[in-house]
Amino acid sequence: MSYSIILYTVLMLSALGVVSAIILYFVAQKFKVFEDPRIDEVEAVLPGANCGGCGFPGCRGFADAFVKADDISTMFCPPGGNETFAAAAKVLGKEAIAQDPMIAVVRCSGSPEHRSRTSTYDGAQSCKIATTLFSGDTGCQFGCLGLGDCVVVCKFDAIYIDETTGLPVISDEKCTACGACVKACPKFIIEMRKKDPKGKRIFVSCINKEKGGVAKKSCAVACIGCGKCVKVCPHDAITMENNLAYIDYLKCKLCRKCVEDCPTNAILELHFPPRKPKVEVEVQPEKTE
Amino acid sequence: MLKTFTKGGVHPPENKFSANAAIENLPLPKQVVIPISQHIGAPAAATVAKGDKVLVGQVIAKSSGFVSANIHSSVSGTVASLDAVLDSTGYKKPAITITVEGDEWLPEIDRSLELKKEFSFTTEEIIAKVSAAGVVGLGGATFPSHVKLSIPKGKKADVLIINGVECEPYLTSDHRLMLEKAHELMVGIEILKKALGVEHAIIGIENNKPDAISYLIKIASEYKGIEVQGLKVKYPQGGEKQLIKALINREVPSGGLPIDVGTVVHNVGTAVAVYDAVQKNKPLIERVVTITGKSLPKTGNFMVRIGTPISQLIEAAGGLPTDTGKVVNGGPMMGKALNTIDAPVTKGTSGVISFPEKEAKRVPEKPACIRCAKCVSVCPMGLEPFLLNRLSQRKIFDRLEAEKVLDCMECGSCSFVCPANLPLLDYIRLGKGEVNAIIRARKN
Amino acid sequence: MNKLLAVSPSPHVHSGESTSRLMYNVVLALIPALAVTIFYFGIGALVVTAVSIVACLAFEFLIQKYLLKVKPTISDGSALITGLLLAFNLPSNLPWWIVVIGALVSIGIGKMSFGGLGNNPFNPALVGRVFLLISFPVQMTSWPLPIQSRMAYLDAVTGATPLAIVKEGLSKGEVMSQIADKIPSHMQLFMGAVGGSLGEIAAFALLIGFVWMLITKVITWHIPVSIIATIAAFTGILWLINSETNADPIFHLLTGGVMLGAIFMATDYVTSPMHPKGMWVFGIGIGVLTVIIRVWGAYPEGVSFAILIMNAFVPLINRYMKPKRFGEVRKV
């Protein structure tokens with residue numbers, strides 16, 4: 001075999017490569033789109049989870065809008081939190097306003113022992129489909145269906161359905177407060193609430209708007225709208241609407257008085273030190289995680 | 001060669017057990033629960049108060065818009081409450097509860113069984129009477145009938161189609177009605193023809209009801225311009241668009257209405273209700289309901305007052321057997337499973353079917369679609385259910401809209417044939433809802 | 001009544017159709033061809049088929065259980081079909097270890113690497129066969145003679161396939177009338193008394209399977225008919241132009257993998273289009289490519305390549321060949 005063949009092959013291929021490179025260069029120049037380089041910088045700072053918690057389509061979408069926005073006070077990156085947001089603002093030379101850390105809470109405690117089943121659901125595993133079909137497989141038309149739309153939608157693996165209670169459990173460590181589950185829940189059970197530094201929180205774990213008797217009949221731990229908590233609250237943090245108590249997390253000072261007084265244990269306290277043995281405290285499975 | 005529609009379709013087992021059971025009157029219940037929204041459109045507004053005495057046929061809730069319908073008391077007695085009551089889906093819906101006392105009818109209602117053939121009403125009078133009587137489509141869709149009779153300006157119908165197909169398995173209420181109220185049906189059709197200004201009417205009946213076909217052909221010869229057409233059995237022939245295609249070979253355009261191809265479709269039950277409303281001044285206060293099921297002690301067809309608890313109907317059929325796993329309101333292909341049997345019979349209840357436990361549960365789904373294309377070949381609308389299912393699950397709603405998800409009429413043929421038992425229709429329905437919401441948002 | 005009622009979205013009835021019923025009906029449809037091949041090739045056919053099936057099932061099980069860590073689904077019959085079809089595309093004297101490699105490529109690369117049943121773009125059995133054809137060209141193109149090699153496996157007496165004889169003859173400048181003596185008659189081809197891959201030899205047995213699949217509604221007629229019609233038409237035109245340099249259409253239909261490919265390989269659900277319109281495009285494409293490869297290509301046979309090439313177009317066909325929607329507004 002003559003060496004010239006090898007030589008020609010190598011030369012041909014090299015020439016081809018050079019020509020292609022030149023063409024590529026000019027094409028790239030021609031079709032170049034100018035983009036603010038700060039968009040890339042902001043995107044690099046963001047968590048990159050594309051969770052949509054900011055209201056924009058993915059982190060790139062947020063970065064784009066963020067750089068173009070004149071006023072960034074209404075924008076926030078929930079998963080990234082204050083640190084990330086401050087870093088992103090720094091890229092633009094702006095000051096970020098710190099926001100309270102938030103966390104998702106599930107406002108339903110209707111496990112099978114509290115809430116008896118009235119029918120069985122047999123269809124596609126989707127809360128949304130089940131809701132359009134019927135009120136749910138229990139007597140409570142407001143309660144959690146436990147089919148896990150929130151689990152599916154969570155990009156951070158922070159939610160799972162507890163097998164014994166059939167209710168979603170949100171992990172304190174993993175939840176980034178992106179709000180995807182809040183939007184996904186067709187029963188509007190999940191709410192975003194302020195996260196105390198130690199994770200302490202108190203909330204009414206029920207959204208049943210029925211009158212007391214009806215609510216109690218369908219679920220043993222339903223809010224019956226008795227109003228005891230409203231009276232006992234020293235901070236005016238609790239309001240009563242449609243037979244349902246709601247604790248304003250901005251006013252609540254976590255004194256736990258309402259928890260003790262609630263006749264149906266509908267108010268939950270999480271991550272508090274165990275109190276002196278007096279009242280039976282609802283144990284949440286989260287603690288064992 | 002009998003006619004049928006051309007695209008797709010399936011043949012579920014017919015199981016029409018109650019086809020030979022004559023219509024019986026169900027005894028009056030002790031209490032009726034009459035929801036104020038039994039039709040498509042705006043709910044009616046209650047016009048009675050708690051404690052009021054009402055007579056049979058009295059208006060208790062007034063239509064609150066053009067697409068809405070009056071609601072009448074189906075019994076005589078006292079209004080017990082106006083509170084929301086659990087309906088068949090388990091949600092609380094506003095309803096009027098009436099405690100039954102005797103059976104006193106409004107005096108203007110003609111209760112005689114005598115056939116009244118002659119009428120001299122104008123189109124407007126007929127529409128007003130139908131509207132006042134609260135007649136809605138009794139095939140199951142419960143669309144207010146007076147709306148269908150009011151043809152929009154610039155459009156014209158040349159033929160009236162009467163739907164006697166009853167393509168849903170199990171159900172026999174329309175079948176019995178055609179056999180037992182044939183003359184009333186014919187006069188009802190004459191009235192509808194007059195209201196629509198058409199000369200010609202065709203009654204479509206699947207040929208699994210040969211007795212109804214031959215009987216109606218005989219009766220129709222006494223009337224002018226009414227034709228009876230036997231059809232090859234295929235589900236979903238009772239779908240409006242499919243029936244039009246089968247009978248007069250016209251295709252309703254995507255997103256259009258039958259009037260766009262010059263026709264209007266009414267159910268046989270509706271035609272009889274129109275007869276009652278116009279000739280007898282009798283509002284829609286009762287309807288024929290089939291009660292059937294493989295393991296029920298007795299199956300039958302009952303004339304039931306609106307608002308009667310379904311549980312009472314079931315009792316008339318000998319009560320639910322212990323192996324019951326599901327009770328469905330409507331046909332097995334499109335009906336809704338009941339959350340509770342205490343829910344009332346409404347204007348749209350064409351049948352109640354009980355399923356034994358072994359047939360009640362869905363067969364567990366297989367992990368994968370093998371792209372066998374059976375769903376595509378059975379879809380009567382020429383859609384691709386496998387694709388719609390996937391797009392809906394992945395939330396790609398713009399493509400879903402482009403793939404004509406809104407043309408889906410939820411007949412269930414795709415889920416019926418899927419060899420992997422995938423819940424195709426569940427997700428398609430979900431996608432339809434989302435796309436509808438997106439379109440509404442776009443308009444605003 | 002104390003039992004809870006089930007609530008589910010409509011429909012509340014199901015046809016009873018199941019994936020495994022479809023799969024096992026395909027297996028049943030393959031049995032006549034299997035019987036014929038065992039009649040002609042005896043022990044070799046049995047060994048190759050058995051090894052292929054066992055290997056395919058084993059690889060499917062092992063990959064699902066240990067690699068993907070999901071519940072194995074070997075009972076659904078799909079791996080069984082892949083095994084059978086792979087064997088049908090191999091000569092009966094192929095050493096067992098090559099068959100095992102073929103099975104590994106079929107299941108491992110052809111199917112599982114894309115996500116398992118329902119997701120593979122290419123027919124797994126053909127992926128295996130083409131891999132073997134390119135890797136082991138000698139072993140893959142030595143064809144035992146029928147009947148004579150009943151009692152032999154690796155030591156079978158081999159000969160060329162009719163297609164190879166024709167191709168070689170024509171390339172040497174011979175004309176069809178000279179070659180005609182060397183190739184079997186149409187009747188022999190129809191009955192399968194020729195050399196070739198296990199499953200492709202007997203057209204009549206494959207046609208029985210076709211009828212069975214039509215009766216049980218496993219497949220529709222579109223793909224097989226469109227392929228066969230295209231090949232018949234294309235080779236017919238060539239034959240009419242010059243019957244001395246082109247074999248007749250019946251010969252083309254009855255030899256090689258046309259029947260097997262058209263009836264069993266191209267109709268694989270996963271890798272074929274979903275609508276009749278698309279099926280026609282797919283079938284015509286396979287037919288044209290097959291004839292092009294056979295007449296002008298380097299290989300005497302082109303069915304497997306044609307099917308694989310058209311497999312690649314299936315997503316495009318599905319995307320652009322939509323069924324006619326009901327009430328579609330026609331553009332004037």
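What counts and how
Residues numbered from 1 in each chain as written. Chains lettered and ligands numbered in written order. Predicted model: local features only at pLDDT ≥ 70, side-chain atom pairs only at ≥ 80, totals over all residues. Heavy atoms only, no water. Helix = DSSP H or I, 4+ residues; strand = E, 2+ residues; numbered from the N terminus. Rg over C-alpha atoms; globule rule 2.2 N^0.38 Å. Buried < 20%, exposed > 50% of the residue type's maximum accessible area, 1.4 Å probe, protein only. Contact = heavy atoms within 4.5 Å. Domains from an automatic or database assignment. Buried area = accessible area lost by both parts, 1.4 Å probe. Salt bridge = Lys/Arg side-chain N within 4 Å of Asp/Glu carboxyl O. Polar contact = N/O pair within 3.5 Å; in protein donor to acceptor, adjacent residues only side chain to side chain. Nonpolar A, V, L, I, M, F, W, Y, C, P; charged D, E, K, R; others polar. Pairing = 2+ DSSP bridges. Axes fitted to C-alpha atoms, helices over the stretch in contact; angles between N-to-C directions. Parallel < 35°, antiparallel > 145°, perpendicular 65-115°, else oblique. Left-handed = near helix turned anticlockwise from the far one by under 90°. Phe/Tyr/Trp six-rings, centres within 6.5 Å; stacked < 30°, edge-to-face > 60°. Lys NZ or Arg CZ within 6 Å of the ring centre and 35° of its normal. Disulfide = S-S within 2.5 Å. Core = buried A, V, L, I, M, F, W, Y, C linked by side-chain atoms within 4.5 Å.

Caption draft 1: Spatial organisation of the overall build of chain C. Looking only at helices and strands, one finds 14 helices and three strands in chain C. Expected size for 332 residues packed as a compact globule is a radius of gyration near 20 Å; at 21 Å, chain C falls within 12% of this value. Its C-alpha atoms put chain C at 85 × 60 × 30 Å along the principal axes. Within chain C, the fraction of its 332 residues that count as buried is 58%. A fraction of 73% describes how many contacts in chain C between residues 6 or more apart in sequence connect residues 24 or more apart.

Caption draft 2: The domain arrangement of chain B, seen in detail. All names here are of chain B. On domain assignment, one finds that chain B holds domain 1 (1–23 + 109–361), domain 2 (24–100) and domain 3 (374–443). One C-alpha centre belongs to domain 1, the other to domain 2, and the line joining them spans 22 Å. Contacts between the two partners involve 39 residues from domain 1, matched on the other side by 30 residues from domain 2. Where domain 1 abuts domain 2, roughly 2,700 Å² becomes buried across the two surfaces, and 61% of that area is made up of carbon and sulfur atoms. Seen at the junction of domain 1 and domain 2, the total is one salt bridge. K298 is the partner of E24 in a salt bridge, and the nearest nitrogen-oxygen pair spans 3.4 Å. One can count 16 residue pairs in polar contact (both at pLDDT 80 or more) joining domain 1 with domain 2. The leading source of residues in the side of domain 1 that touches domain 2 is strand β15 (residues 300–305), at five residues.

Caption draft 3: Focus on the interface of chain A and chain B. Taken residue by residue, the interface counts 19 residues in chain A and 13 residues in chain B. Interface area for chain A against chain B, summed over the two sides, is near 1,300 Å², with a carbon-plus-sulfur share of 46%. When the buried area of chain A at its contact with chain B is split by residue, D122(A), I129(A) and Q141(A) rank highest and sum to 34% of it. Across the chain A-chain B interface, the total number found is two salt bridges. Between K92(B) and E210(A) there is a salt bridge, with the nearest N and O atoms lying 3.4 Å from each other. If you look at where chain A meets chain B, you find ten residue pairs in polar contact (both at pLDDT 80 or more). At the level of secondary structure, the elements contributing two or more residues to the side of chain A that touches chain B comprise β2 (119–121) and α5 (127–133) of chain A. Of all the elements, α5(A) adds the most residues to the side of chain A that touches chain B, at four residues. Taken together, the residues of the side of chain A that touches chain B break down into five nonpolar, ten polar and four charged.

Caption draft 4: Geometry of the interface of chain B and chain C. With 63 residues of chain B at the contact, the number on the chain C side is 38 residues. When the shortest N-O distance is used, the salt bridge between E251(B) and K324(C) registers 3.4 Å. Inspection of the region where chain B meets chain C yields 26 residue pairs in polar contact (both at pLDDT 80 or more). Of all the secondary-structure elements, those providing two or more residues to the side of chain B that touches chain C are α6 (240–248), β16 (324–329), β17 (336–337), α9 (357–360), α10 (374–378), α11 (385–393), α13 (413–417) and α14 (424–443) of chain B. Here the element with the most residues in the side of chain B that touches chain C is β16(B); it accounts for five residues.

Caption draft 5: Region of interest: the sheet that holds strand β18 (residues 351–356) of chain B. Residues and elements named next belong to chain B. Reading across the sheet, the six strands line up as β1-β15-β14-β18-β16-β17 and stay open at both edges, with mixed pairing between neighbours. At either margin of the open sheet sits one strand with a lone partner, and together these are β1 (23–25) and β17. Relative to β18, strand β14 (residues 286–293) is paired through four bridges, and the arrangement is parallel. Bridge assignment links T290 to a residue of β18, and that residue is G351. Against the sheet, helix α3 (residues 173–180) makes contact with β1, β14 and β15, and its axis sits at roughly 125 degrees relative to β14, the strand it touches most.

Caption draft 6: A look at the packing of helix α10 (residues 222–241) of chain C against helix α12 (residues 258–265) of chain C. All names here are of chain C. Packing of α10 against α12 leaves a shortest axis separation of 8 Å and a crossing angle of 155 degrees. The angle between α10 and α12 places the two elements in the roughly antiparallel class. The handedness of the crossing between α10 and α12 comes out as right-handed. Counted together, I223, P224, I227, I228 and I231 of α10 and V258, M259, A262 and I263 of α12 form the full contact between these two elements. Here the contact of α10 with α12 is composed, by residue class, of nine nonpolar, no polar and no charged.

Caption draft 7: Region of the structure containing the pattern of salt bridges. All names here are of chain A. Inspection of the entire model under this criterion finds 42 salt bridges over all chains. Of the charged contacts in the structure, one is a salt bridge between R60 and D40, with a shortest N-O distance of 2.6 Å. Taken together, the residues R60 in helix α3 (residues 58–68) and D40 in helix α2 (residues 37–45) connect sequence positions 20 residues apart. The partly exposed category is assigned to R60, whose relative accessible area is 29%. Exposure remark for D40: the relative accessible area of 41% places this residue in the partly exposed category. Linking E191 and R193 is a salt bridge whose minimum nitrogen-to-oxygen distance equals 3.1 Å. The burial state of E191 is the same as that of R193; both residues are buried.

Caption draft 8: Just the packing of aromatic side chains, in detail. Counted under the stated rule, the structure contains 14 aromatic pairs over all chains. Ring centres of F56(A) and F62(A) lie 5.8 Å apart, and the angle between their planes is 65 degrees; on these two criteria the pair is classed as edge-to-face. Where Y170(B) meets F355(B), the ring centres are 5.7 Å apart and the plane angle is 75 degrees; that geometry is what we call edge-to-face. Of this pair, Y170(B) sits in the loop between β10 (159–163) and α3 while F355(B) sits in strand β18; the two residues are 185 residues apart in sequence, bridging distant segments of the chain. Residues Y170(B) and F355(B) agree in their burial class; the two are buried. One aromatic cluster is present, formed by F56(A), F62(A), F66(A), F76(A) and F85(A) through successive ring pairs. In this arrangement the basic side chain of K234(B) is found over the ring face of F5(B), its NZ or CZ atom lying 4.5 Å from the centre.

Caption draft 9: Here's a closer look at the side chain of H275(C). Looking at the element boundaries, H275(C) is found in the loop between α12 and α13 (276–296). Residue H275(C) is classed as buried on the basis of its relative accessible area of 1%. Reaching out from H275(C), the side chain makes a polar contact with the side chain of E384(B) at a distance of 2.8 Å. At 3.4 Å, the side chain of H275(C) forms a polar contact with the backbone oxygen of M321(C). Discounting residues that sit within four places of it in the chain, H275(C) has contacts with V376(B), E384(B), N318(C), M321(C), K322(C) and P323(C).

Caption draft 10: Broad picture of the domain arrangement of chain C. Residue and element names in this part refer to chain C. Domain annotation of chain C identifies domain 1 (20–139) and domain 2 (160–320). Of note, the centres of domain 1 and domain 2, computed from C-alpha atoms alone, are 21 Å apart. The interface of domain 1 with domain 2 comprises 38 residues on the first partner and 34 residues on the second. The junction of domain 1 with domain 2 conceals about 2,800 Å² of combined surface from both sides, 73% of it contributed by carbon and sulfur atoms. Taken together, the connections running from domain 1 to domain 2 amount to eleven residue pairs in polar contact (both at pLDDT 80 or more). Looking at the side of domain 1 that touches domain 2, the elements that each hand over two or more residues are α1 (19–67), α2 (78–88) and α4 (124–135). A class-by-class count of the residues in the side of domain 1 that touches domain 2 yields 27 nonpolar, nine polar and two charged.

Caption draft 11: How the structure looks around the state of the cysteines. Residue and element names in this part refer to chain A. Scanning the model with the defined rule gives zero disulfides over all chains in all. Between C108, a free cysteine, and C144, which holds the nearest cysteine sulfur, the sulfur-to-sulfur gap is 5.5 Å. Between C178, a cysteine without a disulfide, and C51, which holds the nearest cysteine sulfur, the sulfur-to-sulfur distance is 4.3 Å.

Caption draft 12: Looking closely at the nonpolar core. Counting 96 residues, the largest nonpolar core has I370(B), L85(C), L90(C), M213(C), F264(C), F282(C) and I286(C) as the members making the most contacts within it. The dominant element in this core, judged by the number of residues it contributes, is α1(C), at 18 residues. The residue makeup of this core includes at least three contributed by each of domain 1 (20–139) and domain 2 (160–320) of chain C. Filtering out sequence-adjacent residues up to four positions away, L90(C) remains in contact with V48(C), V99(C), L132(C), M140(C), S197(C) and L198(C).

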